[in-house]
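Chain by chain, the residues run as shown.
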Amino acid sequence: KEYAAGVMKGVLDWTDEEVVSTDFTTCKASSIFDVGAGISLTDTFVKLVSWYDNEWGYSNRLVDLACHMAKVDGVVPTPATIQSIKAREIFDSRGNPTVEVDLITEQHMFRAAVPSGASTGIYEALELRDGDKGRLLGKGVLKAVKNVNEIIA
C-alpha cells in the first residue's frame, strides 16, 4: 500500500474488495494487488493475485516510457492537446488481428499497436473480438476499432 501511494503510484495499486477482471477495464495501473485473493500454501510459500487491464495498462506504460526518455534526453515537450485519434485493424507478429492507433497532437504523431494476448488464464484481461466466423476465423477486432474511433476519439 505504501508503494502504491508513493514511488509506484499509477503503476502499482491494490484492492481489498471482491473483484473480477472486468472491474479493471481502463485501469491505468500495470498491477493491482488483490489483498483478499492470496493463498498461503505453507508457512514460507504464498501465492499472490494481481489484476490488470492488458491493453490499457500497457499503453500507459508506453506513455510513461516516452516521458522518461524525453526527460533523459533533456527534451521535455510542453503538454500537448490531442488533435485526433484513429484506430485500424492490423496483424500482430503471430498473424492475429489486433488494434493499432495513431494519436496526433499539434506537433507529433504517436503510433501504438496492442499486443494480442497469448495467455488464456482465468485472470487474463478479455479481448474484444468480433466473433464473425466468416471473417478472420472470428478473431477480427473491428468492434474494438469502432470503439476507439467513435467513442474514445
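Since the model is a prediction, treat every value here as computed from it, not as a measurement.

Conventions we followed
Residues numbered from 1 in each chain as written. Predicted model: local features only at pLDDT ≥ 70, side-chain atom pairs only at ≥ 80, totals over all residues. Heavy atoms only, no water. pLDDT = per-residue confidence, 0-100. Helix = DSSP H or I, 4+ residues; strand = E, 2+ residues; numbered from the N terminus. Contact = heavy atoms within 4.5 Å. Salt bridge = Lys/Arg side-chain N within 4 Å of Asp/Glu carboxyl O. Buried < 20%, exposed > 50% of the residue type's maximum accessible area, 1.4 Å probe, protein only. Arc of directions from axis to C-beta. Pairing = 2+ DSSP bridges. Axes fitted to C-alpha atoms, helices over the stretch in contact; angles between N-to-C directions.

Where the model shows low pLDDT, its predicted coordinates should not be examined in detail. Within the chain, residue pLDDT values average 85, and 92% of them lie at 70 or more. Of all helices and strands in the chain, the one with the weakest mean pLDDT is helix α2 (residues 54-73) (82), whereas strand β6 (residues 82-91) scores best (94).

This part is about the environment of V114. Structurally, V114 can be placed in the loop between β8 (109-113) and α3 (142-152). Along the sequence, V114 and V101 sit 13 residues apart, while their C-alpha atoms lie 8.4 Å from each other. Every residue in contact with V114, bar those within four places of it in the chain, is listed here: E55, T98 and V99.

Looking now at the pattern of salt bridges. Enumeration according to the criterion identifies seven salt bridges in this entry. For R88, the salt bridge goes to E100, with nearest N and O atoms at 3.0 Å. Of this pair, R88 sits in strand β6 while E100 sits in strand β7 (residues 97-105); the two residues are twelve residues apart in sequence, bridging distant segments of the chain. Given the relative accessible area of 14%, E100 is considered buried. Looking at R88, the relative accessible area reads 25%, which means it is partly exposed.

By the element assignment, F91 lies in strand β6. Apart from the residues lying within four places of it in its own chain, the contact partners of F91 are N96, P97, T98 and L136.

In this section: α3. Each α-helix winds once per 3.6 residues, and so residues spaced three or four apart point in a common direction. Among the residues of α3, A144, V145 and V148 are the ones counted as buried. For α3, the arc enclosing every buried residue in end-on projection is 105 degrees, short of the 170-degree limit, so these residues lie on one face. Residues of α3 that are exposed and angled more than 90 degrees away from the buried face: E150 and I151. Among the structural elements, β6 and β7 are those in contact with the buried residues of α3.

With antiparallel pairing, the three strands of this open sheet are ordered in space as β6-β7-β8. With partners counted over all chains shown, the strands left at the sheet margins are β6 and β8, one partner each. Neighbour-to-neighbour, the strand axes of the sheet open up by a mean angle of 15 degrees, direction not taken into account. Summarising the sheet, β6 and β7 pair through nine bridges and their orientation is antiparallel. Counted as the bridge partner of K86 is D102 from β7. Here α3 sits on the sheet in contact with β6 and β7, set at roughly 175 degrees to β6.

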